[in-house]
Amino acid sequence: MTAVLAACGGSSGKPATAAANATGTPDLSGVTLRIGETGYQRQRLYLESAGLANTPYKVQYVTFDSGSLQLQAMAAGNLDVAQSSEIPPIFASQSAGGGNFKVIAVEQATTLLQEVVIPKGSPLKSIADLKGKKVGYVASTTAHYFLYKLLEQAGLGWNDIQPVKLTVPDGVTALLSGSVDALATYGNAVITTKQRGATTLGSGEKILSGNFAYEATPKAIADPATHAAIADFLSRQQKAYAWARAHPDDWAKIIADQTKQPVAQALDTFNTGEAQRPTKLIPTSPAAISSAQDVADVFVKAELLKSKVNVADYFSTAFNTEIEKFGT
C-alpha cells in the first residue's frame with residue numbers, strides 16, 4: 001500500500017485547474033481521482049461490470065483494510081475520495097486539521113455481515129459469556145461500535161472483556177489460531193472465518209444504521225474540475241448499484257470471485273442484503289448527522305473519546321444538488 005500511495009503523490013494529487021470547455025463545464029481530462037477502497041475494489045468492479053468505467057478522467061483505486069486507514073491516508077494528502085462507515089470519521093475528526101475531510105454523500109446499504117464470531121468448537125453460547133474473555137475487534141469501525149453495544153445489551157461493559165485491537169486480516173488469523181476467544185469484524189472476514197467453521201455469537205444487524213459515508217478533501221471539493229469528476233463518479237456508482245440489482249446472478253459471480261465463496265452463497269447474501277436495505281446514494285442530511293451524532297455520543301459515554309464531538313462540523317452539502325438529481 002505504501003508503494004501505491006507514493007506513486008499516487010506528485011501531480012495526480014494536485015487540483016485540476018484546466019480551463020472550461022466550450023460548454024462552460026470543466027475539462028476533466030487532466031483530473032486523476034485517487035479513491036480508497038476497503039477489502040477489495042468493489043467500486044471499480046461495480047463500474048466495470050455495469051459498463052460505466054470509461055470515465056473522462058483517470059481513477060486510481062487504493063485498497064485498505066478499513067475505512068479508518070483510508071481517512072489516515074486522506075489526512076496525509078494521499079487520497080481524494082474515501083468511503084467508510086459513519087464511525088471512522090468520528091475519530092478522524094479529532095486529528096490535526098480536523099482530519100482533512102468532509103462527508104459529501106451517504107450510501108445506504110445492508111447491515112449484514114457485521115458480526116461477533118467464535119471459532120469452531122467454542123463453548124461460548126451468548127455475548128454474556130464474553131466476560132473475562134479475549135475479544136478481537138477492529139478499532140474505530142462498525143465492529144468497535146456494535147461490540148460495545150452488544151456488551152451493553154448483555155449487561156457488560158468494555159472493561160468486562162479483554163479487548164484486543166487488531167487489523168481485519170490479523171483478526172481472522174487470531175481467531176482461527178485461538179489467540180482470541182471471539183472476534184468482532186465485518187465483510188469478507190466474516191465469510192472467511194465461517195468457511196473455517198466459525199459461528200455467529202452476536203450481530204450488529206439491528207444496531208447499525210447502514211449509513212456509509214463518502215468523504216472528500218476540502219481541496220478536492222473546492223477545485224471545479226475535481227469536484228465535477230467526483231460528482232460524475234458518484235452518479236456512475238448510483239447507476240451501477242441499480243445495474244447489480246437488475247443482474248444479481250452476474251454480480252454474485254463477481255463477488256464470489258473476490259470473496260472466495262460459492263456463487264450461490266454470494267447470491268443469497270446479496271439478495272438478502274438488498275431486500276433488507278437497497279444500496280443507494282443519498283445527499284447528506286440532518287437525519288444522517290443525527291445518526292452519526294448518536295454513535296459519537298456512545299463513544300464519549302464509553303470514554304473512548306475524550307470529549308463530545310459535533311459531527312455536523314465535518315458534514316458538507318457541497319454535492320447535495322448533484323446527488324438529488326441521480327435518482328435511484
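Quantities reported herein were computed from a predicted structural model and do not represent experimental measurements.

A. Broad picture of the pairing of strand 6 (residues 134-137). Pairing analysis gives 4 bridges linking strand 6 to strand 7 (residues 162-165), with the strands arranged parallel. Bridge assignment links Val-135 to a residue of strand 7, and that residue is Pro-163. Bridge count between strand 6 and strand 8 (residues 182-186): 3 bridges; the pairing is parallel. Counted as the bridge partner of Gly-136 is Leu-183 from strand 8.

B. Quick peek at the packing of aromatic side chains. The tally for this structure, following the rule as stated, stands at 8 aromatic pairs. Ring geometry for Tyr-46 against Trp-251: centres 4.2 Å apart, planes inclined by 20°, an arrangement best described as stacked. Note that Tyr-46 is positioned in helix 2 (residues 42-49) and Trp-251 in helix 10 (residues 248-259), a separation of 205 residues in sequence. Taking the centre distance of 5.1 Å and the plane angle of 85° together, the rings of Tyr-137 and Trp-158 count as edge-to-face. Residue Tyr-137 is found in strand 6, and its partner Trp-158 is found in the loop between helix 5 (142-153) and strand 7; the two are separated by 21 residues along the sequence. Accessibility expressed as a relative area gives 7% for Tyr-137, which makes it buried. Judged by its relative accessible area of 12%, Trp-158 is buried. Grouping aromatic residues by their ring pairs yields a cluster made of Tyr-46, Tyr-241 and Trp-251.

C. Geometry of the packing of helix 10 against helix 11 (residues 263-276). Direction vectors running N to C along helix 10 and helix 11 enclose 115°, while the axes themselves pass 8 Å from each other. The hand of the helix 10/helix 11 crossing is right-handed. Of helix 11, the residues touching helix 10 (which contributes Pro-248, Asp-249, Trp-251, Ala-252, Lys-253, Ile-255 and Ala-256) are Val-263, Ala-266, Leu-267, Phe-270 and Asn-271. Across the contact of helix 10 with helix 11, the residue classes break down as 9 nonpolar, 1 polar and 2 charged.

About the cut-offs
- Residues numbered from 1 in each chain as written.
- Predicted model: local features only at pLDDT ≥ 70, side-chain atom pairs only at ≥ 80, totals over all residues.
- Heavy atoms only, no water.
- Pairing = 2+ DSSP bridges.
- Helix = DSSP H or I, 4+ residues; strand = E, 2+ residues; numbered from the N terminus.
- Phe/Tyr/Trp six-rings, centres within 6.5 Å; stacked < 30°, edge-to-face > 60°.
- Buried < 20%, exposed > 50% of the residue type's maximum accessible area, 1.4 Å probe, protein only.
- Axes fitted to C-alpha atoms, helices over the stretch in contact; angles between N-to-C directions.
- Left-handed = near helix turned anticlockwise from the far one by under 90°.
- Contact = heavy atoms within 4.5 Å.
- Nonpolar A, V, L, I, M, F, W, Y, C, P; charged D, E, K, R; others polar.

As far as function goes, none of this settles anything; it's purely spatial.
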